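Descriptive analysis of the structure
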Amino acid sequence: MKSERFLVTIEGRDVELSNLDKLMYPAAGFTKGEVIDYYTRIAPVMLPHLRGRAATRIRFPNGVEDIHFFEKNKPGGTPDWVRLETLPVPGSTKSRETIEFVVVDDLPTLVWLANLAAIELHTPQWRVGAEPDLLVVDLDPGAPAGLKECCAVATLMRDRLGEDGITAYPKTSGKKGMQLCCPISGAQDAEVVSAYARRVAEELAAMVPSSITAKMAKAVRPGKIFIDWSQNAAAKTTVTPYSLRAGAKPTASAPLTWDEVIAMATGESEARQFGAGEVLERAEEHGDLLTDLLTPGPEVPIRTST
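Residues numbered from 1 in each chain as written. Predicted model: local features only at pLDDT ≥ 70, side-chain atom pairs only at ≥ 80, totals over all residues. Heavy atoms only, no water.

Here the focus is the packing of helix α3 (residues 147-163) against helix α5 (residues 258-266). Viewed as axis vectors pointing N to C, α3 and α5 meet at an angle of 130 degrees, and their least axial separation amounts to 7 Å. Here α3 is positioned oblique relative to α5, judged by the angle of their axes. Our pair here, α3 against α5, has a crossing hand that is left-handed. On the side of α3, the interface is formed by L147, K148, C151, A152, A154, T155 and R158, while α5 contributes W258, V261, I262, M264, A265 and T266. The class makeup of the residues in the contact of α3 with α5 is 9 nonpolar, 2 polar and 2 charged. (Axes fitted to C-alpha atoms, helices over the stretch in contact; angles between N-to-C directions. Helix = DSSP H or I, 4+ residues; strand = E, 2+ residues; numbered from the N terminus. Parallel < 35°, antiparallel > 145°, perpendicular 65-115°, else oblique. Left-handed = near helix turned anticlockwise from the far one by under 90°. Contact = heavy atoms within 4.5 Å. Nonpolar A, V, L, I, M, F, W, Y, C, P; charged D, E, K, R; others polar.)

Right under this line is the structure:
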């Protein structure tokens, strides 16, 4: 069957779209056209978190139930108007010293990637040419622990970071857990930021060893929340706010209010991930709950563990 292709003009750029009826989430009946529609509508709040950051994509050419691949390098046929940045990739599994990354600075680029079935977008904690301006704490639940328990640990982490003058903003991961995102100065390198995140994670794990671990070994994670401090390493990326996630349903990484986090932690409301339609509604209601991430924050403390 010949695929239907046509050009649309977005902000003065010609973007080719194709196979809009293809099911990306077969169990939910969610098509590629709906993926593109979601990213088009969420763009006003999502693009500020993508701009200036090298984007890693997870592509699902035939939907989330079929094969997928991670893509860092520019894909074949990249339009000449897409921003590319050649950046070093130490430790590349393909022995490449540099990669030409796509930087999603505008709506045409976002739609172009969505048409390539780039369902998930992940970005680093730094902008091109700069040091980290974000500290990210990933809270990963080990069954039978779940998002509810993540929310309880998130409040502990919020308070602990607050003692050092660092403000944390919560979002769901769109899968099992959640992340706390914290604006920092952009004046310290990734090693300093990662060391601080590890120190705080280990401190909380020592306080509540029955519920929290800062160790990566999966054998120690069941029933606990793993505080993944390693997300702050220079080579790591985190799912971008508002990005769709691959699963049975089209969920997305959704910013939360702290009142919502506390309600989920206490059982006053259901601890759950949010679907694409809900995330659009939340953005309409709240605007961007993570807008403060776009303003530099304080430096992380440097101190020796006692």
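After that view, the rundown keeps rolling.
Turning next to the domain arrangement of the protein. What the domain assignment reports for the protein is domain 1 (5-123) and domain 2 (134-294). Its C-alpha centre places domain 1 at a distance of 24 Å from the equivalent point of domain 2. A combined buried area of about 2,100 Å² lies between domain 1 and domain 2, and 66% of that area is made up of carbon and sulfur atoms. Linking domain 1 with domain 2 are 2 salt bridges, by the criterion used here. (Domains from an automatic or database assignment. Buried area = accessible area lost by both parts, 1.4 Å probe. Salt bridge = Lys/Arg side-chain N within 4 Å of Asp/Glu carboxyl O.)

Attention now goes to the state of the cysteines. Evaluated as defined, the whole model comprises 0 disulfides. No disulfide involves C181; its sulfur sits 7.2 Å from that of C182, the nearest cysteine. (Disulfide = S-S within 2.5 Å.)

Among the nonpolar cores identified, the biggest contains 79 residues, and Y38, Y39, I42, L139, M178, I227 and L244 are the most heavily contacted of them. Looking at which element gives the most residues to this core, the answer is helix α1 (residues 32-50), with 10 residues. Looking at which domains feed residues into this core, each of domain 1 (5-123) and domain 2 (134-294) supplies at least three. Residues in contact with I227, not counting those within four places in the same chain, are V137, D138, L139, V153, M157, A201, L204, I212, T213 and A214. (Core = buried A, V, L, I, M, F, W, Y, C linked by side-chain atoms within 4.5 Å. Buried < 20%, exposed > 50% of the residue type's maximum accessible area, 1.4 Å probe, protein only.)

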